[in-house]
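Examination of the molecular architecture
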Amino acid sequence: MEHLYYLVAQLPAFTVNDDSSVKLPITAEYFRDLCTRFMSPENAKLAQELSLTPPLKASSTGSSFLDQWYEKERSLRLALAQVRALKMKKDTKDLPLASDGEVIQAARTATGMDSPLSAEQYLNQYRMSVLDKIMPLDQFCTDAVFGYGLKLLLAERMKKFNRDEGLLSYHKIYDEILGEKK
């Protein structure tokens, strides 16, 4: 038996931004633990398997929300692959076509950015907006819990990006390459 009211009541609100200094009030690990205590075994299993990476082949998860999320993310990844391949003048005939115009535009915008960090931040914000659009209005349903979990996973991912650490790593790798050529 599910006790979604108890579960949702224990999930703290959080804002999603790229500031790595702001700590999230809950971890994905703790979220998954709560789900195992308050959700049915079937839904808790789905919560355990939540991922920002969609399955390669579309298949029903049993949740229309998750199916919609994975389809949008799969389309975004295909559109990114297509746009990148076209920029590199590679053959795209083996890639399935992304049919969603909004997704294709997001991929074009991201690949047109000069900075990989800016592109990744843009894509994360796009993903967050997709989640906001497809989230159910009823906050006490299983799909809303899954949406919270996906937002949490995305927020954790966004917190891992740090400009200073990235520059330090870049310079370290660059110096190693130059050191090998001397």
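Note that the coordinates shown come from a computational prediction; the quantities given were computed from them, not determined experimentally.

With that out of the way, let us pick up the overall build of the protein chain. When helices and strands are counted, the protein chain shows eight helices and zero strands. Overall, the protein chain shows an N-to-C arrangement of helices and strands of α-α-α-α-α-α-α-α. Relative to its full complement of 182 residues, the protein chain shows a buried share of 39%. Sequence-distant contacts in the protein chain: of pairs separated by 6 or more residues, those separated by 24 or more amount to 64%. Just so you have it, the protein chain exposes about 11300 Å², and 56% of that area is on carbon and sulfur atoms.

Quick look at helix α2 (residues 28-38) now. Helical periodicity: at 3.6 residues per turn, an α-helix aligns residues three or four positions apart in one direction. Considered for burial, the residues of α2 that qualify are Ala28, Phe31, Arg32, Leu34, Cys35 and Phe38. Each buried residue of α2 sits inside an arc of 160° when the element is viewed along its axis, so together they form one side. Check the buried side of α2 and you find it contacts α1 (4-9), α3 (41-48) and α7 (142-159).

Before going further, it helps to examine α3. Among the residues of α3, those classed as buried are Asn43, Ala44, Leu46 and Ala47. Each buried residue of α3 sits inside an arc of 155° when the element is viewed along its axis, so together they form one side. In α3, the exposed positions angled more than 90 degrees off the buried face are occupied by Pro41 and Glu42. On its buried face, α3 sits against α2, α4 (64-87) and α7.

Let us look at the nonpolar core. In terms of nonpolar packing, the biggest core is built from 47 residues, with Leu7, Phe31, Met39 and Leu150 touching the most fellow members. At the level of elements, α1, α2, α3, α4, α5 (101-111), α6 (116-134) and α7 are the ones that each hand at least two residues to this core. Ranked by the residues each element gives to this core, the list is headed by α7, at nine residues.

A few words on the packing of α4 against α5. Look at α4 against α5: their axes get within 8 Å of each other, and the N-to-C directions meet at 50°. Classed by the angle they form, the pair α4 and α5 counts as oblique. The hand of the α4/α5 crossing is right-handed. In this structure, α4 uses Lys72, Ser75, Leu76, Ala79, Leu80, Val83, Arg84 and Lys87 to contact α5, whose residues at the interface are Val103, Ile104, Ala106, Ala107, Arg108, Ala110 and Thr111.

Once that is clear, we can look at the pattern of salt bridges. Counted by the stated rule, this structure contains nine salt bridges. Two residues, Glu71 and Arg74, come together in a salt bridge whose shortest N-O distance is 2.9 Å. Taken as a pair, Glu71 and Arg74 lie in helix α4 at a separation of three residues, close to a single helical turn. Among the salt bridges present, the one from Arg77 reaches Glu73, with a minimum N-O distance of 2.8 Å. With a gap of four residues between them, Arg77 and Glu73 both fall in helix α4, about one helical turn apart. One salt-bridge network, in which partners are shared between bridges, spans Glu73, Arg77, Glu120, Arg127 and Arg157.

On to a nonpolar patch on the surface, then. A cluster of nonpolar residues, Tyr170, Tyr174 and Leu178, forms a patch on the protein surface that exposes about 310 Å² of accessible area. Looking at where Leu178 falls in the secondary structure, it is placed in helix α8 (residues 163-181). Judged by relative accessible area, which is 37%, Leu178 ranks as partly exposed.

Looking at where Ser63 falls in the secondary structure, it is placed in the loop between α3 and α4. Judged by its relative accessible area of 3%, Ser63 is buried. Polar contacts involving the side chain of Ser63 include one to the side chain of Asp143, which spans 2.6 Å. Among residues more than four places away in sequence, those in contact with Ser63 are Asp143 and Phe146.

Scoring rules and cut-offs
Residues numbered from 1 in each chain as written. Predicted model: local features only at pLDDT ≥ 70, side-chain atom pairs only at ≥ 80, totals over all residues. Heavy atoms only, no water. Helix = DSSP H or I, 4+ residues; strand = E, 2+ residues; numbered from the N terminus. Buried < 20%, exposed > 50% of the residue type's maximum accessible area, 1.4 Å probe, protein only. Contact = heavy atoms within 4.5 Å. Areas by Shrake-Rupley, 256 points an atom, 1.4 Å probe, with all protein chains shown as cover. Arc of directions from axis to C-beta. Core = buried A, V, L, I, M, F, W, Y, C linked by side-chain atoms within 4.5 Å. Axes fitted to C-alpha atoms, helices over the stretch in contact; angles between N-to-C directions. Parallel < 35°, antiparallel > 145°, perpendicular 65-115°, else oblique. Left-handed = near helix turned anticlockwise from the far one by under 90°. Salt bridge = Lys/Arg side-chain N within 4 Å of Asp/Glu carboxyl O. Patch = residues over 30% accessible without salt bridge, like charges linked within 9 Å, V, L, I, M, F, W, Y side chains within 5 Å. Polar contact = N/O pair within 3.5 Å; in protein donor to acceptor, adjacent residues only side chain to side chain.

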